[in-house]
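Secondary and tertiary structure notes
Residue-level listing of the chains:
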Amino acid sequence: MPAFPPDTGPIKTGPSEPGSFETGQSRLLCGPEEQRRFGAALAPALPTAAVLFLEGELGAGKTTLTSGLIGALGFDGPVTSPTYALIHAYPTPAGRALHVDAYRVRGVHELYALDLEDLIAGSRLSVVEWGERLYADYPDAPILRLEHLEGEEDLRRVTRIR
């Protein structure tokens, strides 16, 4: 399991060691810039060909966190949600980064028909939103859940589920 970045948010909960983000831990991130910084700090901790799953309701910050991850790999353009395209590939000096959105697919067979397995195998990093149906195929992949906090417009909680 990769070591996760040091605390980039104002508060953390759960058992911890300095410089780690373990299963069950949460962090609070205030605003989009902090979400990007957290993603940027996370990227180097993920091994080559890593798959990372992101959960969270619409607007929770999944794409914002992903932009930090992909930016840390050296991509300097905009990172956008692949909701309608399903998969965006970003060239980085570290290797291709994939951003997958499985929200609109009826089944994982639709993603595999797009050669998802080969795309993941040939990528430095693959970030999958709404990928619950792929969890069993990537049992070692970390899962992060992002949540809005009631009454706090810019505050998000990110929790490592696996």
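Residues numbered from 1 in each chain as written. Predicted model: local features only at pLDDT ≥ 70, side-chain atom pairs only at ≥ 80, totals over all residues. Heavy atoms only, no water.

1. Here's the deal with the packing of helix 1 (residues 31–42) against helix 2 (residues 62–72)
The condition is simple: Between N-to-C directions, angles span 0 to 180 degrees; the directions come from axes that are lines fitted to C-alpha atoms, helices contributing only their stretch in contact. Numbering of helices and strands starts at the N terminus; helices are DSSP runs of H or I of at least 4 residues and strands are runs of E of at least 2. Angle categories are assigned with fixed cut-offs, so that under 35 degrees is roughly parallel, over 145 is roughly antiparallel, 65 to 115 is roughly perpendicular, and the rest are oblique. Left-handed describes a crossing whose near helix is turned anticlockwise from the far helix through less than a right angle; right-handed describes the clockwise counterpart. The contact rule is simple, with two residues in contact once any of their heavy atoms fall within 4.5 Å. Polarity classes work like this: nonpolar for Ala, Val, Leu, Ile, Met, Phe, Trp, Tyr, Cys and Pro, charged for Asp, Glu, Lys and Arg, and polar for all others, with Gly in that last group.
Contact geometry of helix 1 with helix 2 gives a least axis separation of 7 Å together with a crossing angle of 45 degrees. Put simply, helix 1 runs oblique to helix 2. With respect to the hand of their crossing, helix 1 and helix 2 are arranged in right-handed fashion. Along its contact with helix 1, which presents Pro32, Gln35, Arg36, Phe38, Gly39, Ala40 and Leu42, the element helix 2 presents Thr64, Leu65, Ser67, Gly68, Leu69 and Ala72. Of the residues that constitute the contact of helix 1 with helix 2, the class distribution is seven nonpolar, five polar and one charged.

2. Focus on the pairing of strand 2 (residues 26–30)
Regular strands show a simple pattern: their side chains alternate between the two faces of the sheet. Worth spelling out the cut-off: The classification of residues rests on relative accessible area computed with a 1.4 Å probe and restricted to protein chains. Under 20% of the type maximum is buried, over 50% is exposed, and intermediate values are partly exposed. Strand pairing follows a simple DSSP-based rule, namely that at least 2 bridges must link the two strands.
Most of strand 2 is tucked away: four of the five residues are buried. Pairing of strand 2 with strand 8 (residues 152–160), which is carried by five bridges, proceeds in the antiparallel orientation. Bridging across to strand 8, Ser26 finds its partner in Thr159.

3. Focus: the pairing of strand 5 (residues 97–101)
Among the five residues in strand 5, five count as buried, and that is most of the element. On strand 5, burial covers both faces: Ala97, His99 and Asp101 on one face and Leu98 and Val100 on the other are all buried. Two elements, strand 4 (residues 87–90) and strand 5, share four bridges in a ladder whose sense is antiparallel. Of the residues in strand 5, the one forming a bridge with Ala89 is Leu98. Count of turn residues in the strand 4/strand 5 antiparallel hairpin: six residues, of which Gly95 carries a positive phi of about 125 degrees. As paired strands, strand 5 and strand 6 (residues 125–129) are joined by five bridges and run parallel to one another. Directly across from Leu98, in strand 6, lies its bridge partner Ser126.

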